[in-house]
Each structure stands twice: as structure tokens, then as C-alpha cells.
Amino acid sequence: MDVISASVGDGGKNIEADVKTVQNLLTRHVMWLVPLMAPAVTGKVDVGTVMCIRQFQDTAAALLHPDGVVSPHGFTIKQLARPMIPPPSHPIFTQSKFTPAPGGLTKADFDAAAKTLGCESAAIQAVAQVETQQAAFDALGRPTILYERHYFSGFTKDAYDATHPDISNPVSGGYGLFSAQYPKLHRAAVLDETAALKSASWGAFQIMGANFQEAGFTSVGDFVTAMMQSEKRHLDAFVSFIPNKPGALPALKALNWAGFAQAYNGDGYAANAYDTKMANAYNALSPPKPPPHAVKK
Amino acid sequence: MIRPLFRLLALLAMLAAAPGGAVAGDAGYAALFPQAAGPPVLDKSVAVALTAGQVGLISVRFAPAPGQSQMFNSFWCGLVIKSAGHAQGLVVVGEPGPTETLSCLGLQAAGMIGSLGGAPRIGLLYKASSPNAESIAAVVITLDTKAGIWKNDDPATNYLTGIAGTPSLDWMRHALGHGDGD
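Values in this document were obtained by computation on a predicted structure and should not be read as measured data.

## Quick look at the overall build of chain A
Logical step 1: The secondary structure content of chain A amounts to 14 helices and five strands.
Logical step 2: A compact globule built from 297 residues would reach a C-alpha radius of gyration of about 19 Å, whereas chain A, at 25 Å, exceeds it by more than 25%.
Logical step 3: Viewed in the frame of its principal axes, chain A has a C-alpha envelope of about 105 × 35 × 30 Å.
Logical step 4: A separation threshold of at least 6 residues defines the contact pool for chain A, and within that pool the share at least 24 residues apart is 58%.
Logical step 5: Within the structure as shown, chain A displays about 13700 Å² of accessible surface, and the carbon and sulfur contribution to it stands at 57%.

Rendered as C-alpha cells:
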């Protein structure tokens, strides 16, 4: 049975019983209406009710374009009818200040990573130089992320593709501004927090949250917490991740840059010249080897 | 009917024969792209028929110069836009704006997709990559009829990033033909 029989809100049919239902449901979810107050339950649509609908659509329904109308079969009424909508709870969403450990990666960090992986320190430093051309943290101190809508679509089994195509879409792309990534992540987290955290790539090495296990963590939440802490934790995750990327570690040990870039970056590595850049970075970092001695007879 | 077709073919021939038009790393285009670290590399040339006349597009690709904003991108794409004997350089993918998170892999398609207030709009489909995936980026440029130069239509491009569907020129025409993204 439908919760309401006709549309309620800005330009809606606004049947009194339906309006009362929506006003009651908005009152149930008053925490999502802040800074507004719950609407009075009058059965009449007024400016306050429409504002509350828009606010709910923005915050609790995570809609890109709140329109102030609740349709009988739309996403807004589906959300309104839920007994409770828990807000995202990971600290990346609840903290207001972010204080990652200062300082970047040191030679000692790279030496330790190289020892763990069994490769040259200059090799892993070269990879880091190419793979981390973006900053590890943004201006607010949050780990740098890129939100991937096609991951979210997959993890949520297309449940939000029709209603939230900018954050849930089987087609990759649609990234938009760098500054739009966290708002997208937050909206996705309102719909499905775990799927959202898995659908972004994080930190200096842009490891997908979906790869949290390969990066050495038992949950995506723990992975994201580590990403919030320091660039060293980003390197640790990368060091754990490399052996789980088929073909990457042997190529890195052999300084086979095309092989490593293909394993780590995928088939598009050549178009982005990742292999050439890594080779150049390695050559700049690695001290030239002395020429072999001529063998005297 | 034949005359516009002839003009289009003539423009294509002009693009193909444009000085350095088929030469990778043509230094002749470098002056049009001061954002580039080195001479832009030719990607492809296309001619787009507008409602009135045609415009020639030469797609180039380059690494941004040090100091340019580079988030996740290794390469940017630009257009040399030729019309009425004038050549304009326009960075389309990579620099700060709706495509700033992308590394550009090349132009896939271009075509007239409509107009806004009498100003023609060209839709461009670029193959691009993020650190995690390859995708097709739909980008819109529009003619500033007063200044006579082409500009990135960021509101339209932004609008296209948020809607459903697989990017194509028809998809762009349909999406922007309803007054959206203005």
C-alpha cells in the first residue's frame, strides 16, 4: 500500500491526509532537517513544509536536485517511510578537524618499504614520485580522494542508478571538480556508507577502498582511518598492496617499468606514459653504476 | 546541399594540409598552449558543420608545464580551432574546471549539439582516465558571439557529469536540448 496517494509539496496535489502524513514523517526525521525545525502538522502545505521537504531531500535522500515535491512512488517517500536513517558514522564524515601527521615520506621510509618488498629503495621512490603527483591530503587535511560512481553502482547492485546517477552509475566517469569528490562521497555514504568508502580511491597512492584487504586491513573503515593519519600509513598500505597486484612485485624487483605500470595502472599505462616517467624518475634517483672493469688477461 | 558539403570537404582538406597539421610535436601550436610543458602532440583533426559555416578542430595532447595544477592527470587536451582564417588555442580537458581530475587520452568525436541564445555549442567526447578507470568525458564548448572566440561551457559540462546514460553526441544533444545546463 502506498504511503501517500498523490504528490505533496511545491506544486503537488497536496491532499490533506497526504500532507499530514508527510509532515509527520518529516517530524520523525527531524535530525535531518537541521537547521530547520520540524513542520507543524496541519495538513496544509506552507513555505515551511516545502523547505523541510527540500532539506530532507538534500540531506537524508542525498538528491542532487531537491525539488520540494514528495511523489507517491519516488525516492523521497521511500526514505521518509524508513523508521530511521542512520547518518554516516565514520570519522571521515563526523570529524570537523583533520590533523594528519606533518611531513612527507623520508628516505628511511622508502628504505624500510624496499626492505619489506625486496626491491631497490630508488625503485619504490620512483613509483611513488609518479603515482603521487597529487598531494596526499587536501587543504582541509583530509586524504585526497577520487570518487568512482561505477564502483558504487556495482556495490549497491544498481539500486540508486535511476535516482542518483551522478553518484551511482554503471558508466565510469562523471568526476567533476576535485572539490566535488567529498560531497559526492558523503551523499553516497548516506545511502550506503560501506559501499561509499569502498568506491573512492584514497591518499597518496590512490588505492581504491575496495582493495582494503589487499592493502592489509580487515575493514574499509580501518583502511580509511589509516588514510587519515599520515603519508607513512599511505606508503604502508601501498607496500601491502603491491604483492597482491598480480605481476607488480616481480616487475618492480626487475625494474621492468612497463610490466609494473601495466600491473599497477592497467592497460592505459602507456597512453599516460607511466612506464617512461617511472624509468626517468628511477634513473634520476639511482646513482649511476660504475662501468664494469675491463678484464685483463 | 552540395555547396555546404563541398565547403566541409574543403575544410577537411585544409586541416589535413594545415602547416604542421599532421606532424607530432609541432612547435607551431606551442604558442597557442603556454600551459604545455613541451610542443603539443597532434591527436586528430575534425571539421564540424555549424548552422552557419564550419569550424575546423585540431585536437592536441600535451603534458602540463610544471606549476600547472595537476591532480590526477598526466596529460591535457586542447583544441586548435580554425575558422575564417583565424586559429585559437583552447585547453579543453585537464586544466582547473569540470575535467580537472582527468588525464586526457584523446578526442573520440565532435559535433554540433545545438545552440544557446544563438551561440552554437559543440559537443566533444574525449577518452580519459582516472587513476582507477578509463571513461568517456563529455565536454561542451560554445562560441562567444560578441568576442568571436570559443570558450569552455563549464555549466553545460558540469550538468552532463551528473546525469544518467552513456555519453554520445546524441545523448548530449538530448540532455542539453531541454534547456538544462544553462
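## Considering the side chain of Gln-23 of chain A
All names here are of chain A.
Logical step 1: Along the polypeptide, Gln-23 turns up in helix α1 (residues 16-28).
Logical step 2: Here the side chain of Gln-23 touches Thr-42 through a polar contact of 2.9 Å, landing on its backbone nitrogen.
Logical step 3: At a separation of 2.9 Å, a polar atom in the side chain of Gln-23 contacts the main-chain amide nitrogen of Gly-43.
Logical step 4: Beyond its immediate stretch of four places on either side in the chain, Gln-23 contacts Pro-39, Ala-40, Val-41, Thr-42, Gly-43, Lys-44 and Thr-49.

## Focus: the packing of helix α13 (residues 257-265) of chain A against helix α14 (residues 274-285) of chain A
Residues and elements named next belong to chain A.
Logical step 1: Between α13 and α14, the least distance of the axes is 8 Å, while the angle of their chain directions is 125°. Between α13 and α14, the angle falls in the class oblique. At the point where α13 passes α14, the crossing takes the right-handed sense. Listed contacts from α14 to Trp-257, Ala-258, Phe-260, Ala-261 and Asn-265 of α13 are Tyr-274, Asp-275, Met-278, Ala-279 and Tyr-282.

## A few points about the confidence of the model for chain B
All names here are of chain B.
Logical step 1: When the pLDDT values of chain B are averaged, the result is 82; 81% of them are 70 or greater.
Logical step 2: Low pLDDT, under 50, characterises residues 8-25; the predicted model gives this stretch 34 contacts beyond four residues in sequence or across chains.
Logical step 3: The ipTM assigned to the predicted complex is 0.86, against a pTM of 0.89.

## Describing the nonpolar core
Logical step 1: Counting 86 residues, the largest nonpolar core has Trp-202, Phe-223, Phe-238 and Phe-260 of chain A as the members making the most contacts within it.
Logical step 2: For this core, the element with the most residues is helix α6 (residues 121-131) of chain A, which contributes seven residues.
Logical step 3: The contact partners of Phe-260 of chain A, leaving out residues within four places of it in the chain, are Val-127, Phe-238, Ile-242, Ala-248, Ala-251, Leu-252, Asn-265 and Met-278 of chain A.
Logical step 4: Grouped together as the second largest cluster of nonpolar side chains are 28 residues, Leu-57, Phe-72, Leu-79 and Ile-81 of chain B included.

## Some thoughts on the pattern of salt bridges
Logical step 1: Within this structure, the stated rule accounts for nine salt bridges over all chains.
Logical step 2: Here Arg-187 of chain A and Asp-166 of chain A are joined by a salt bridge, their closest N and O atoms 2.7 Å apart. Taken together, the positions of Arg-187 of chain A in helix α8 (residues 181-191) and Asp-166 of chain A in the loop between α7 (149-155) and α8 put the pair 21 residues apart, joining distant regions of the chain. Each member of the pair Arg-187 of chain A and Asp-166 of chain A is classed as buried.
Logical step 3: Ionic pairing is found between Lys-127 of chain B and Glu-134 of chain B, a salt bridge with its closest N-O pair at 3.7 Å.

## Re the sheet that holds strand β3 (residues 76-83) of chain B
All names here are of chain B.
Logical step 1: Spatial ordering of the open sheet is given by β1-β2-β3-β4, a layout of four strands whose pairing is antiparallel. In this open sheet, the two strands that pair with only one neighbour each are β1 (41-49) and β4 (86-93). The sheet shows a mean angle of 25° between the axes of neighbouring strands, taken without regard to direction.

## Some thoughts on the interface of chain B and chain A
Logical step 1: Taken together, the 28 residues of chain B in the interface contact 31 residues of chain A.
Logical step 2: Interface area for chain B against chain A, summed over the two sides, is near 2300 Å², with a carbon-plus-sulfur share of 52%.
Logical step 3: Summed over the shared surface of chain B and chain A, the number is zero salt bridges.
Logical step 4: Inspection of the chain B/chain A interface yields 11 residue pairs in polar contact (both at pLDDT 80 or more).
Logical step 5: Those elements giving two or more residues to the side of chain B that touches chain A turn out to be β5 (103-116) and β7 (134-144) of chain B.

## Structural notes on the packing of aromatic side chains
All names here are of chain A.
Logical step 1: Counted under the stated rule, the structure contains 13 aromatic pairs over all chains.
Logical step 2: Relative to Tyr-264, the ring of Phe-238 has its centre 5.4 Å away and its plane inclined at 80°; by these criteria the two rings are edge-to-face. You can see Phe-238 sitting in helix α11 (residues 231-241) and its partner Tyr-264 sitting in helix α13, a full 26 residues away along the chain. Each member of the pair, Phe-238 as well as Tyr-264, carries the same accessibility label: buried.
Logical step 3: Taken together, a centroid distance of 5.7 Å and an interplanar angle of 5° make the contact between Phe-260 and Tyr-264 stacked. Of this pair, Phe-260 and Tyr-264 both sit in helix α13, four residues apart, roughly one helical turn. As far as burial versus exposure is concerned, Phe-260 and Tyr-264 are alike and both buried.
Logical step 4: Each member of the aromatic cluster is reached from another via a ring pair, and the members are Phe-205, Phe-238, Phe-241, Phe-260 and Tyr-264.
Logical step 5: In this structure, Arg-142 packs its charged tip against the face of Tyr-182, placed 4.0 Å from the ring centre.

## Thoughts on helix α2 (residues 154-161) of chain B
Logical step 1: All buried positions along α2 of chain B are accounted for by Ala-156, Thr-157, Leu-160 and Thr-161 of chain B. Taken around the axis of α2 of chain B, the buried residues stretch over an arc of 145°, which confines them to a single face.
Logical step 2: Those residues of α2 of chain B hidden inside the fold are in contact with α7 of chain A together with β6 (119-129), β7 and α3 (169-176) of chain B.

## Section: the pairing of β7 of chain B
All names here are of chain B.
Logical step 1: Burial within β7 is extensive, with eight of its 11 residues counted as buried.
Logical step 2: Two strands pair when backbone bridges link them, and β6 and β7 are joined in this way by nine bridges, in the antiparallel orientation. Each bridged residue has a counterpart across the sheet, and for Gly-123 the counterpart in β7 is Val-140.
Logical step 3: Here β6 folds back onto β7, and the loop between the two strands holds four residues.
Logical step 4: With four bridges connecting them, β7 and strand β8 (residues 149-152) associate as antiparallel partners. In the strand pairing of β8, Ile-141 is matched with Asn-152.
Logical step 5: Turn length for the β7-β8 hairpin, with the two strands adjacent in sequence and antiparallel, is four residues, and the turn residue Gly-148 shows positive phi of about 70°.

Calculation notes
- Residues numbered from 1 in each chain as written.
- Chains lettered and ligands numbered in written order.
- Predicted model: local features only at pLDDT ≥ 70, side-chain atom pairs only at ≥ 80, totals over all residues.
- Heavy atoms only, no water.
- Helix = DSSP H or I, 4+ residues; strand = E, 2+ residues; numbered from the N terminus.
- Rg over C-alpha atoms; globule rule 2.2 N^0.38 Å.
- Contact = heavy atoms within 4.5 Å.
- Areas by Shrake-Rupley, 256 points an atom, 1.4 Å probe, with all protein chains shown as cover.
- Polar contact = N/O pair within 3.5 Å; in protein donor to acceptor, adjacent residues only side chain to side chain.
- Axes fitted to C-alpha atoms, helices over the stretch in contact; angles between N-to-C directions.
- Parallel < 35°, antiparallel > 145°, perpendicular 65-115°, else oblique.
- Left-handed = near helix turned anticlockwise from the far one by under 90°.
- pLDDT = per-residue confidence, 0-100.
- Core = buried A, V, L, I, M, F, W, Y, C linked by side-chain atoms within 4.5 Å.
- Buried < 20%, exposed > 50% of the residue type's maximum accessible area, 1.4 Å probe, protein only.
- Salt bridge = Lys/Arg side-chain N within 4 Å of Asp/Glu carboxyl O.
- Pairing = 2+ DSSP bridges.
- Buried area = accessible area lost by both parts, 1.4 Å probe.
- Phe/Tyr/Trp six-rings, centres within 6.5 Å; stacked < 30°, edge-to-face > 60°.
- Lys NZ or Arg CZ within 6 Å of the ring centre and 35° of its normal.
- Arc of directions from axis to C-beta.

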